[in-house]
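# Descriptive analysis of the structure
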Amino acid sequence: MQCQSYVYYDTCNKQKMTLFCYLGYLLSKTPTIGHILENWLRYMTAVVYIGLGSYILWANGTLTHISVTMTVLISY
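Source: prediction; values computed, not measured.

Take the overall build of the protein chain next. Looking only at helices and strands, the protein chain has 3 helices and 0 strands in total. When the 76 residues of the protein chain are sorted by exposure, 3% land in the buried category. For the protein chain, the exposed area adds up to about 7,100 Å²; of that, 69% sits on carbon and sulfur atoms.

See below:
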């Protein structure tokens, strides 16, 4: 699927999302993958949330801001 025009951008994203959701559904119905997801999903979810939160803090420069603030506060 190739999306070249802005007019088709929204439709193309909906098609891709539908495809990914359907593929995820099929994967989760596979017995081996379903068993792995059933046992490890809570750990995988925690890793994804921690990774996403860390990326957001790093990308927005929050960690740099905190380190500069701590350096200023310690110097007093």
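The final tally for this structure, using the stated rule, is 2 aromatic pairs. Ring geometry for W40 and Y43: centres 5.6 Å apart, planes at 55 degrees, overall tilted. Note that W40 and Y43 are positioned in helix α2 (residues 31-59) at a spacing of 3 residues, about one turn of the helix. Between Y55 and W58 the ring centres are 6.3 Å apart and the planes differ by 45 degrees, which places this aromatic pair in the tilted class. Placement of both Y55 and W58 in helix α2 is noted, with a separation of 3 residues, approximately one turn of the helix. Classification of W58 as exposed rests on a relative accessible area of 61%.

Among the surface-exposed residues, L52, Y55, I56, L57, W58, L63, I66, M70, L73 and I74 lie close enough to one another that they form a single nonpolar patch of about 1,100 Å² accessible area. Elements that contribute at least two residues to the nonpolar patch include exactly α2 and α3 (62-75).

Looking now at α2. The largest bend along α2 reaches roughly 65 degrees and is located at W40. Immediately downstream of α2, the backbone of G61 shows phi near 75 degrees, a positive value.

Summarising the model, the protein chain shows a mean pLDDT of 83, and 87% of its residues fall at 70 or more. Mean pLDDT across the secondary structure elements of the protein chain bottoms out at α3, with 80, and peaks at α2, with 91.

What counts and what doesn't
- Residues numbered from 1 in each chain as written.
- Predicted model: local features only at pLDDT ≥ 70, side-chain atom pairs only at ≥ 80, totals over all residues.
- Heavy atoms only, no water.
- Helix = DSSP H or I, 4+ residues; strand = E, 2+ residues; numbered from the N terminus.
- Buried < 20%, exposed > 50% of the residue type's maximum accessible area, 1.4 Å probe, protein only.
- Areas by Shrake-Rupley, 256 points an atom, 1.4 Å probe, with all protein chains shown as cover.
- Phe/Tyr/Trp six-rings, centres within 6.5 Å; stacked < 30°, edge-to-face > 60°.
- Patch = residues over 30% accessible without salt bridge, like charges linked within 9 Å, V, L, I, M, F, W, Y side chains within 5 Å.
- Salt bridge = Lys/Arg side-chain N within 4 Å of Asp/Glu carboxyl O.
- Bend = angle between axes of the 7 residues up to and from the residue.
- pLDDT = per-residue confidence, 0-100.

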